[in-house]
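# Commentary on secondary and tertiary structure
What follows is the residue order along each chain.
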Amino acid sequence: MMSTHNIYVIELSQEVLKNRKFKEANPDYISGKPLAYVGMTSRTPEERFEQHKTGYKSARLVRKFGVRLKPRQYTALNPMTYNEAVKMEKLKTKQLRNRGWGVWSN
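What you are looking at is a predicted structure, and each value in this text was computed from that prediction instead of being measured.

### With respect to the overall build of the protein
Within the protein, the regular secondary structure consists of 4 helices and 4 strands. In the protein, the succession of α and β elements from N to C terminus is β-α-β-α-α-β-α-β. At 13 Å, the protein has a C-alpha radius of gyration in line with the 13 Å of a compact globule built from 106 residues. By the burial criterion, 44% of the 106 residues in the protein qualify as buried. In the protein, of all internal contacts separated by at least 6 residues, the share reaching a separation of at least 24 is 76%. Charge-centre separation for the protein: the mean point of 21 positive side chains lies 4 Å from the mean point of 9 negative side chains.

### Some remarks on a positive patch on the surface
A contiguous patch of positive charge on the surface is contributed by Lys-21, Arg-60, Arg-63 and Lys-64. Top contributing element to the positive patch by residue count: helix 3 (residues 60-65), with 3 residues. Within the secondary structure, Lys-64 sits in helix 3. When its relative accessible area of 55% is taken as the criterion, Lys-64 is described as exposed.

### Points about the side chain of Asn-78
Residue placement: Asn-78 occurs in the loop between strand 3 (66-69) and helix 4 (82-98). Side-chain polar atoms of Asn-78 contact the backbone oxygen of Ile-7, separated by 2.8 Å. Beyond its immediate chain neighbours, meaning those up to four positions away, Asn-78 contacts His-5, Asn-6, Ile-7 and Pro-45.

Scoring rules and cut-offs
- Residues numbered from 1 in each chain as written.
- Predicted model: local features only at pLDDT ≥ 70, side-chain atom pairs only at ≥ 80, totals over all residues.
- Heavy atoms only, no water.
- Helix = DSSP H or I, 4+ residues; strand = E, 2+ residues; numbered from the N terminus.
- Rg over C-alpha atoms; globule rule 2.2 N^0.38 Å.
- Buried < 20%, exposed > 50% of the residue type's maximum accessible area, 1.4 Å probe, protein only.
- Contact = heavy atoms within 4.5 Å.
- Lys, Arg positive; Asp, Glu negative; His and termini not counted.
- Charge placed at Lys NZ, Arg CZ, Asp CG, Glu CD.
- Patch = residues over 30% accessible without salt bridge, like charges linked within 9 Å, V, L, I, M, F, W, Y side chains within 5 Å.
- Areas by Shrake-Rupley, 256 points an atom, 1.4 Å probe, with all protein chains shown as cover.
- Salt bridge = Lys/Arg side-chain N within 4 Å of Asp/Glu carboxyl O.
- Polar contact = N/O pair within 3.5 Å; in protein donor to acceptor, adjacent residues only side chain to side chain.

Structure, rendered in structure tokens:
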């Protein structure tokens with residue numbers, strides 16, 4: 001299998017905490033911890049972040065609240081196969097939430 005996919009983590013601004021759905025998805029969020037979006041893509045994380053910010057296939061929360069990529073959270077994991085990326089996106093979301101982060105993922 002070809003390693004064609006990447007996961008990525010985007011830092012979100014504090015403003016996202018005003019979003020009801022985001023707050024409901026993160027009941028264990030510890031105030032002051034990072035806020036993030038975790039996604040997967042067949043593009044580079046940089047290209048995908050640009051797409052989110054310009055509105056192409058973008059998650060509304062990233063378009064509105066995306067600040068920058070957090071490469072320390074994913075660089076060592078990429079690239080991977082599509083199936084690995086699907087699993088890793090869920091796992092990374094869970095790991096960050098377990099550390100008290102506020103995280104959104106699709």
